[in-house]
Amino acid sequence: LEGSLSLRDTSQLRYLDLSDCDSSGTILEDLLSSCKSLQKLSMYNLNIASKMIDKFCCQNGKTLKILDLDRCNGLDLNSIQAIVQNCFELTEANFAHTKLSKRSIDFLTKNITRKIQKLSLFGLDVNDENINVLVTRCSQLSALSLGMDFFLFGQLIY
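Here the structure is a predicted model, which means the values were calculated and not measured.

Chemist: Can you help me understand helix 2 (residues 50-60) in this one?
Modeler: Think of an α-helix as turning once every 3.6 residues; residues three or four places apart then point the same way. For helix 2, the set of buried residues is Ser50, Met52, Ile53, Phe56, Cys57, Gln59 and Asn60. Its buried side turned inward, helix 2 meets helix 1 (27-33), strand 2 (40-42), strand 3 (66-68) and helix 3 (77-86).

Chemist: Can you walk me through the pattern of salt bridges in this structure?
Modeler: Pairing between side chains of opposite charge can happen when their charged atoms approach one another. Under the counting rule described, the total for this entry stands at three salt bridges. A salt bridge links Arg71 to Asp70, with the shortest nitrogen-to-oxygen separation between them at 4.0 Å. Taking the shortest distance from any N to any O, the salt bridge between Glu89 and Lys115 comes out at 2.9 Å. Of this pair, Glu89 sits in the loop between helix 3 and strand 4 (92-94) while Lys115 sits in the loop between helix 4 (102-111) and strand 5 (118-120), placing them 26 residues apart in sequence. A relative accessible area of 24% places Glu89 in the partly exposed class.

Chemist: Looking at this structure, I do not really get the side chain of Ser120. What am I missing?
Modeler: Counting through the fold element by element, Ser120 comes out in strand 5. Leave out the neighbours within four places in its chain, and Ser120 touches Ala93, Asn94, Phe95, Ala96 and Ser145.

Chemist: Looking at this structure, how should I read the nonpolar core?
Modeler: Note on soluble globular proteins: their nonpolar side chains tend to be buried together. Met43 and Phe95 are the most contacted members of the largest nonpolar core, which totals 42 residues. Within the residue set of this core, elements represented by two or more residues are helix 1, helix 2, helix 3 and helix 4. In contact with Met43, other than residues within four places in its own chain, are Ser19, Leu32, Ile48, Met52, Phe56, Asp68, Leu69 and Cys72.

Chemist: Explain the packing of helix 3 against helix 4 to me, please; I cannot follow it from the model alone.
Modeler: Relative placement of two packed helices is described by the angle separating their axes and the distance separating the axes. Helix 4 packs onto helix 3 with a crossing angle of 10° between their chain directions and a minimal axis gap of 9 Å. Here helix 4 runs roughly parallel to helix 3, going by the angle between their axes. Residue-level contacts link Leu77, Ile80, Gln81, Val84 and Gln85 of helix 3 to Arg103, Ser104, Phe107, Leu108 and Asn111 of helix 4. Partitioned by chemical class, the residues of the contact of helix 3 with helix 4 number five nonpolar, four polar and one charged.

Chemist: Can you walk me through the packing of helix 2 against helix 3 in this structure?
Modeler: Axis separation between helix 2 and helix 3 bottoms out at 9 Å; the angle between their running directions is 0°. When the interaxial angle is binned, helix 2 and helix 3 end up roughly parallel. Contacts between helix 2 and helix 3 pair Ser50, Ile53, Asp54, Cys57 and Cys58 from the former with Asn78, Ser79, Ala82, Ile83 and Asn86 from the latter. Looking at the contact of helix 2 with helix 3, its residues break down into five nonpolar, four polar and one charged.

Chemist: What is the right way to read unusual backbone geometry from this model?
Modeler: Trans is the prevailing form of peptide bonds, just as negative phi is the prevailing case for residues other than glycine. The phi torsion at Asp20 lies on the positive side, around 60°, for a residue other than glycine. Inspection of the secondary structure puts Asp20 in the loop between strand 1 (15-17) and helix 1. Using a relative accessible area of 49% as the deciding quantity, one classes Asp20 as partly exposed. A positive phi is found at Lys99, a non-glycine position, where the angle reads about 60°. Note that Lys99 resides in the loop between strand 4 and helix 4.

Conventions we followed
- Residues numbered from 1 in each chain as written.
- Predicted model: local features only at pLDDT ≥ 70, side-chain atom pairs only at ≥ 80, totals over all residues.
- Heavy atoms only, no water.
- Buried < 20%, exposed > 50% of the residue type's maximum accessible area, 1.4 Å probe, protein only.
- Helix = DSSP H or I, 4+ residues; strand = E, 2+ residues; numbered from the N terminus.
- Contact = heavy atoms within 4.5 Å.
- Salt bridge = Lys/Arg side-chain N within 4 Å of Asp/Glu carboxyl O.
- Core = buried A, V, L, I, M, F, W, Y, C linked by side-chain atoms within 4.5 Å.
- Axes fitted to C-alpha atoms, helices over the stretch in contact; angles between N-to-C directions.
- Parallel < 35°, antiparallel > 145°, perpendicular 65-115°, else oblique.
- Nonpolar A, V, L, I, M, F, W, Y, C, P; charged D, E, K, R; others polar.

Shown next, in the form of structure tokens:
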């Protein structure tokens, strides 16, 4: 995406897929800023800043049900705190391959909404305590992905 975006009105978008978007400037931030009632957001493989996470969580936290951040770069403890503290309606979340720190994983597993039903932490350094906390706290959890990637002779094996 190139150029500029000037959105004067709040968008009526319920589902926004920005996966693999390559953009210059603030187009993605401007688009996200116009959204106030997203139910599903996919940001697969994006470089995202904490302020972008803060903004969309504050604006869409009460409506967001599905969040896909698979392979996103730039997530830190502040980002995870913003998601957990604002997105109370999440039923599905994908944090696979996000390189979250141990502190971020601990905070996420101890504080994510109890409404979560499907959660992917694939490729992250999740420990037994994290799993125990999740399955104890989140009684509606029906799908949990915890796998790890393995490299064999330079090839990624799932």
